[in-house]
Amino acid sequence: MSHRTEHLPPLTGVAHLIRELRYHEGTRQGFAIVLVLFYSATAAPIPALAAIGLAIAFVGALVRLYASGFIVKNEELATDGAYRFVRHPLYTGNILLVVGFALAGSRWWGIPLALFFFWFYYPTAIEYEDRKLQRIFGATWEEWSARTPALLPRMGSSRPPQPGDRRWSVAVSNQRNGEILLVLFCFGCIGWVAWQTWF
């Protein structure tokens, strides 16, 4: 049993294995990278879908890059930058990346596969992260989460920037979170699909 499921009711057999897989962070992150690569490698791009999908994927990569420059995991509650709008902007960026590449690849199975991926991994990831952050940061997390949606920003939900807010940091983004490598990988895949489509 992983530390992510130790506070949940016990399960046995296949149900236990499935739950452990759903909560396993490395598998979720690895599968997202594999999906982006798979969509890129198998793309049969239709230009209009490719243009829309690659634009969405590009925004997803930028959302991830922006969010990663504010988060110091488990040490400080990130409420600045992208975290003023949603509690899990890295997940929002992942969803945009996967949907963007699914559209850009123009395969009929792309979107259903992406939807299965989101359904399988993200509800449990959000549940675990919220449970962990509430345990670590208590009332501060409760106040922030009460006004901040999980994945999709809504009108009036974000607080305005404050003078003491943390600024985006390339050191935090890259050295602590290794985000630059992921973004470069995504930009490479965007370039590959664009080349297949228009050149």
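Residues numbered from 1 in each chain as written. Predicted model: local features only at pLDDT ≥ 70, side-chain atom pairs only at ≥ 80, totals over all residues. Heavy atoms only, no water.

> What am I meant to see in the packing of helix 3 (residues 47-68) against helix 4 (residues 89-105) here?
The angle between the axes and the distance between the axes are what describe a pair of packed helices. Contact geometry for helix 3 and helix 4: axes closest at 7 Å, N-to-C directions at 160°. Of the possible angle classes, the one that applies to helix 3 and helix 4 is roughly antiparallel. Seen along the crossing, helix 3 lies across helix 4 with a hand that is left-handed. Across the contact of helix 3 with helix 4, the residue classes tally to 17 nonpolar, 6 polar and 1 charged. (Axes fitted to C-alpha atoms, helices over the stretch in contact; angles between N-to-C directions. Helix = DSSP H or I, 4+ residues; strand = E, 2+ residues; numbered from the N terminus. Parallel < 35°, antiparallel > 145°, perpendicular 65-115°, else oblique. Left-handed = near helix turned anticlockwise from the far one by under 90°. Nonpolar A, V, L, I, M, F, W, Y, C, P; charged D, E, K, R; others polar.)

> Looking at this structure, how should I read the packing of aromatic side chains?
By convention here, two paired aromatic rings are described through the distance between centres and the angle between planes. Within this structure, the stated rule accounts for 16 aromatic pairs. Note on Phe31 and Phe117: the rings are 5.4 Å apart at their centroids and 70° apart in plane angle, and the pair reads as edge-to-face. Taken together, the residues span a long stretch of sequence, with Phe31 in helix 2 (residues 25-41) and Phe117 in helix 5 (residues 110-137) at a distance of 86 residues. When the ring of Phe117 is compared with that of Tyr122, the centres are 5.7 Å apart and the planes differ by 80°; the resulting orientation is edge-to-face. Owing to a relative accessible area of 0%, Phe117 belongs among the buried residues under this scheme. Members of the aromatic cluster, connected to one another through ring pairs, are Phe31, Tyr91, Phe116, Phe117, Phe118, Trp119, Phe120, Tyr121 and Tyr122. (Phe/Tyr/Trp six-rings, centres within 6.5 Å; stacked < 30°, edge-to-face > 60°. Buried < 20%, exposed > 50% of the residue type's maximum accessible area, 1.4 Å probe, protein only.)

> It is not clear to me how the pattern of salt bridges should be interpreted in this structure. Could you clarify?
Side chains bearing opposite charge may pair, as long as their charged atoms lie close to each other. The final tally for this structure, using the stated rule, is 6 salt bridges. Glu143 is the salt-bridge partner of Arg147, the closest N and O atoms lying 3.8 Å from each other. Of this pair, Arg147 and Glu143 both sit in helix 6 (residues 139-147), separated by 4 residues, roughly a single helical turn. Given a relative accessible area of 28%, Arg147 falls into the partly exposed group. (Salt bridge = Lys/Arg side-chain N within 4 Å of Asp/Glu carboxyl O.)

> Before we go on, may I ask you to explain the nonpolar core in this structure?
The nonpolar side chains of a soluble globular protein tend to be buried with one another. Membership of the largest hydrophobic core comes to 29 residues, with the highest contact counts inside it found for Tyr39, Leu54, Val98, Phe101, Phe117 and Phe118. Sorting the residues of this core by element identifies helix 2, helix 3, helix 4, helix 5 and helix 8 (179-198) as the ones contributing at least two each. At 8 residues, the largest contribution of residues to this core is made by helix 5. Ignoring sequence-local partners within four residues, the contact set of Phe118 consists of Ile95, Val98, Val99 and Pro123. By size, the runner-up hydrophobic cluster in this structure holds 12 residues, among which are Ala67, Ile71, Ala82 and Phe137. (Core = buried A, V, L, I, M, F, W, Y, C linked by side-chain atoms within 4.5 Å. Contact = heavy atoms within 4.5 Å.)

> I would appreciate a short explanation of helix 5 in the present structure.
Because each turn of an α-helix spans 3.6 residues, side chains separated by three or four positions in sequence point in the same direction. Taking 1.5 Å as the rise per residue, helix 5 with 28 residues should run 40 Å; its terminal C-alpha atoms sit 38 Å apart, in good agreement. A maximum bend of about 30° is found in helix 5 at Tyr121, where proline Pro123 lies one to four positions downstream. Just past helix 5, the residue Gly138 takes up positive phi, approximately 55°. (Expected span 1.5 Å × (residues − 1). Bend = angle between axes of the 7 residues up to and from the residue.)

> Got a minute to help me understand the packing of helix 1 (residues 13-23) against helix 5 in this structure?
Relative orientation of the contacting elements helix 1 and helix 5 amounts to 70°, with a least axis distance of 8 Å. Overall, the two elements helix 1 and helix 5 adopt an arrangement that is roughly perpendicular. Contacts from Ile18, Leu21, Arg22 and Tyr23 in helix 1 reach Trp119, Phe120, Tyr121, Pro123, Thr124, Glu127, Tyr128 and Arg131 in helix 5. Among the residues forming the contact of helix 1 with helix 5, the class breakdown is 8 nonpolar, 1 polar and 3 charged.

> Help me understand the side chain of Ser40 in this model?
Within the secondary structure, Ser40 is located in helix 2. Classification of Ser40 by relative accessible area gives buried; the value is 2%. Aside from chain neighbours lying at most four places away, what touches Ser40 is Phe101, Cys189, Trp192, Val193 and Gln196.

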